[in-house]
Amino acid sequence: MNIFRKKAVATSSATSLNRVLGAFDLTMLGVGAIVGTGIFVLTGVAAAKYAGPALILSFIIAGLACTFAALCYSEFASMIPESGSAYTYSYVAFGEVIAWILGWDLVLEYGLASAAVASGWSGYFQGLLSGFGIHLPTFMTSAYNPSAGTYIDIPAIVIVFIITLVLTRGIKESSKMNIIMVIIKLAVVLLFIAVGIWYVKPENWTPFTPYGFQGVATGAAVVVFAYFGFDAVSTAAEEVKNPQRNLPIGIITALGICTILYIIVSLILTGIVPYAQLDVKDPVAFALSFINQNWAAGLISLGAIIGITTVLMVMMFGQTRLFYAISKDGLLPKPLQKVSPKSQVPIVSTWVTSALVAIFAGLIPLNQLAELTNIGTLFAFSAVSLGVIVLRVKQPDLKRGFRTPLVPIIPGLAVIFCVYLMLQLSAFTWKGFAVWLTIGLVIYITYGYRNSKLNQNNKAAS
């Protein structure tokens, strides 16, 4: 069995998708995916439970890991203008079975992240409704938990299908809506900074590291989720004008903007509210209520709903393009690569993604599974970073529109940072990850290997 057969690098990719995205669209796509759940939800939990005021250090550590990885993604994105992100890059660098493992790993990342974000959207939306005195029947307000009287999260399912309808209209239409929502949520974040900075009390930053450096490291492993999304930009490769130039610009610019915002917001947040009181689901709005700026808190809640919506849109977009890319290579059923002639969108992949995310978000409590998103993504980041080193050695003459600086130092640092953060995660997470990868290998052995396009081509050649 030649499970390590590799795809050749195509410097240009024939595609039935619509190449309409520029550098600005990609930057907004990245910001849309990154600024959302992390800044509006995770900041409070990470400060209260793990890092305290040293949350800023957690964001810096997580940001460095993702910056190093983003530089590696940018080299691959400029070299291989195809959908699939880490899956496609690994197919070129390491071979089919490793690519499948990475692709299956990304299914976990995008699928669980989308479901978790939909659940978070539901919580904020119900909070907004309650402000108007509207309360949904308990049974439909959250995932299956009979002891709490909840059986299905209807708002989460509804938002998933609304996003699906937007995605099926076409990438340009989806991008325009994403840009509008990103501008709104950035305005809301800037509003929090402008209002909150005047209420910062430096004494709230003492003690700075109440849980020690281990708390800072664990906090980094949790908030690294806040940076995920830049890799979703690379899944749009087949819908980008001049991908060799525009993809690196979009990835790096989006990550830079979001890192600065996270650091400023975490400083102000822990400066306004004593860290121990931040273990709430809406810490940014809570902080403004804490200083009696309720008018701003209401706007923040509305902005959070919009912000989380864009994250869900980009995460689901990434999942659909991943299914499309894997199906094109024959490792998943052929219908997943079907493209609508009208909207030039992989229509079957989009609706399959919608159904899976709706089931997870509506029925399954995801609190224990949240860390699985982190471990899967960090694993993908590490593989892509190693792939840069491998191809620099094995194929040094490949055309690269962007070159990762200081190879092998930068890719090596990306691997070290990502593996370190993975080691901070729980034993339950590692066991769940192992089970998921085992299921993936069974699917590859029983279906993917035999139906692989490379396998079919080899048979035809012989």
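Residues numbered from 1 in each chain as written. Predicted model: local features only at pLDDT ≥ 70, side-chain atom pairs only at ≥ 80, totals over all residues. Heavy atoms only, no water.

**Student:** Any details on the overall build of the chain? Residues and values, ideally.
**Tutor:** A tally of regular secondary structure across the chain gives 17 helices and zero strands. On C-alpha atoms alone, the chain measures out to a radius of gyration of 21 Å, which is about the 23 Å that the 2.2 N^0.38 rule sets for 462 residues. Across the 462 residues in the chain, those meeting the buried criterion constitute 59%. On the chain, roughly 17,400 Å² of surface is accessible, and the fraction owed to carbon and sulfur atoms is 69%. The chain carries 27 positive and 17 negative side-chain charges, and their two centres are separated by 8 Å. (Helix = DSSP H or I, 4+ residues; strand = E, 2+ residues; numbered from the N terminus. Rg over C-alpha atoms; globule rule 2.2 N^0.38 Å. Buried < 20%, exposed > 50% of the residue type's maximum accessible area, 1.4 Å probe, protein only. Areas by Shrake-Rupley, 256 points an atom, 1.4 Å probe, with all protein chains shown as cover. Lys, Arg positive; Asp, Glu negative; His and termini not counted. Charge placed at Lys NZ, Arg CZ, Asp CG, Glu CD.)

**Student:** With reference to specific residues and values, describe the state of the cysteines.
**Tutor:** Defined simply, a disulfide is a covalent bond joining two cysteines at their sulfur atoms. The full count for this structure, using the stated rule, is zero disulfides. The thiol of cysteine 66 is unpaired, and the distance to the nearest cysteine sulfur, on cysteine 418, comes to 6.6 Å. (Disulfide = S-S within 2.5 Å.)

**Student:** Outline the nonpolar core, listing residues and values.
**Tutor:** Grouped together as the largest cluster of nonpolar side chains are 148 residues, with contacts concentrated most on Phe40, Tyr73, Phe76, Phe192, Phe230 and Phe381. Examining the composition of this core, we find that 18 residues originate from one element, helix H12 (residues 294-328), more than from any other. Those residues within four positions of phenylalanine 230 in sequence are excluded, and the remaining contacts are Ile34, Cys66, Ala69, Ala70, Tyr73, Ile251, Leu255 and Phe381. (Core = buried A, V, L, I, M, F, W, Y, C linked by side-chain atoms within 4.5 Å. Contact = heavy atoms within 4.5 Å.)

**Student:** Break down empty space enclosed by the protein for me, with residues and values.
**Tutor:** With the rule as written, the count across this model stands at five cavities of 30 Å³ or more. Counted as a void, the largest cavity has a volume near 60 Å³. Considering the residues around the largest cavity, the lining is formed by Ala33, Ile34, Thr37, Gly38, Phe225, Ala226, Phe228, Val311 and Met315. Considered class by class, the residues forming the lining of the largest cavity number seven nonpolar, two polar and no charged. When its volume is computed, the second largest cavity comes out at roughly 50 Å³. (1 Å grid on protein atoms, 1.4 Å probe; cavity = no way out; pocket = protein on both sides within 12 Å on 5 of 7 lines; lining within 4 Å. Points joined across faces, edges and corners; volume = space filled by probe spheres on them. Nonpolar A, V, L, I, M, F, W, Y, C, P; charged D, E, K, R; others polar.)

**Student:** Now, about helix H8 (residues 212-223): what can you tell me, with residues and values included?
**Tutor:** The terminal C-alpha atoms of H8, which comprises 12 residues, lie 17 Å apart, in line with the 16 Å expected from a rise of 1.5 Å per residue. Most of H8 sits inside the fold, with nine of its 12 residues counted as buried. Along H8, the residues classified as buried are Gly215, Val216, Ala217, Thr218, Gly219, Ala220, Ala221, Val222 and Val223. (Expected span 1.5 Å × (residues − 1).)

**Student:** Give me the pattern of salt bridges: which residues, what numbers.
**Tutor:** Enumeration according to the criterion identifies four salt bridges in this entry. Across the salt bridge formed by arginine 392 and glutamate 75, the nearest N and O atoms sit 2.8 Å from each other. Of this pair, arginine 392 sits in helix H14 (residues 370-394) while glutamate 75 is found in helix H3 (residues 55-79), placing the two residues 317 residues apart along the sequence. For the pair arginine 392 and glutamate 75, a shared accessibility class is recorded, and that class is buried. A cluster of three or more residues bridged by salt bridges with shared partners is formed by Glu75, Arg392 and Arg400. (Salt bridge = Lys/Arg side-chain N within 4 Å of Asp/Glu carboxyl O.)

**Student:** Which residues make up the packing of aromatic side chains, and what values go with them?
**Tutor:** Within the structure shown, the criterion is met by 17 aromatic pairs. Consider the rings of tyrosine 87 and tyrosine 91, whose centres lie 5.7 Å apart with planes at 70 degrees: the pair is edge-to-face. With a gap of four residues between them, tyrosine 87 and tyrosine 91 both fall in helix H4 (residues 86-93), about one helical turn apart. Taken as a pair, tyrosine 87 and tyrosine 91 share a single burial class, namely buried. Judged by centre distance (6.2 Å) and plane angle (45 degrees), the ring pair of phenylalanine 286 and phenylalanine 290 falls under tilted. Taken together, the positions of phenylalanine 286 and phenylalanine 290, both in helix H11 (residues 283-290) and four residues apart, correspond to about one turn of that helix. Following the ring pairs from residue to residue traces out a cluster consisting of Trp100, Trp104, Trp436, Tyr444 and Tyr449. (Phe/Tyr/Trp six-rings, centres within 6.5 Å; stacked < 30°, edge-to-face > 60°.)

**Student:** Tell me what's going on with the environment of asparagine 204, and back it up with residues and numbers.
**Tutor:** One can find asparagine 204 in the loop between helix H7 (171-196) and H8. Relative accessible area serves as the criterion here: at 14%, asparagine 204 is assigned to the buried category. Here the alpha-carbon distance between asparagine 204 and serine 343, two residues 139 residues apart in the chain, equals 52 Å. In this structure the side chain of asparagine 204 is engaged in a polar contact, spanning 3.3 Å, whose partner is the backbone oxygen of isoleucine 272. (Polar contact = N/O pair within 3.5 Å; in protein donor to acceptor, adjacent residues only side chain to side chain.)

**Student:** How would you sum up the side chain of serine 382? Please name residues and give values.
**Tutor:** Position of serine 382 relative to the elements: it lies in helix H14. Leave out the neighbours within four places in its chain, and serine 382 touches Val415, Cys418 and Val419.

**Student:** Any chance you could break down helix H1 (residues 23-34) for me, citing the residues and the numbers?
**Tutor:** A turn of α-helix holds 3.6 residues, and therefore any two residues three or four places apart point the same way. The end-to-end C-alpha separation of H1 is 16 Å, in line with the 16 Å expected for 12 residues at 1.5 Å each. Summarising burial for H1: 11 of the 12 residues are buried, a large majority. For H1, every residue scored as buried is listed here: Ala23, Asp25, Leu26, Thr27, Met28, Leu29, Gly30, Val31, Gly32, Ala33 and Ile34.

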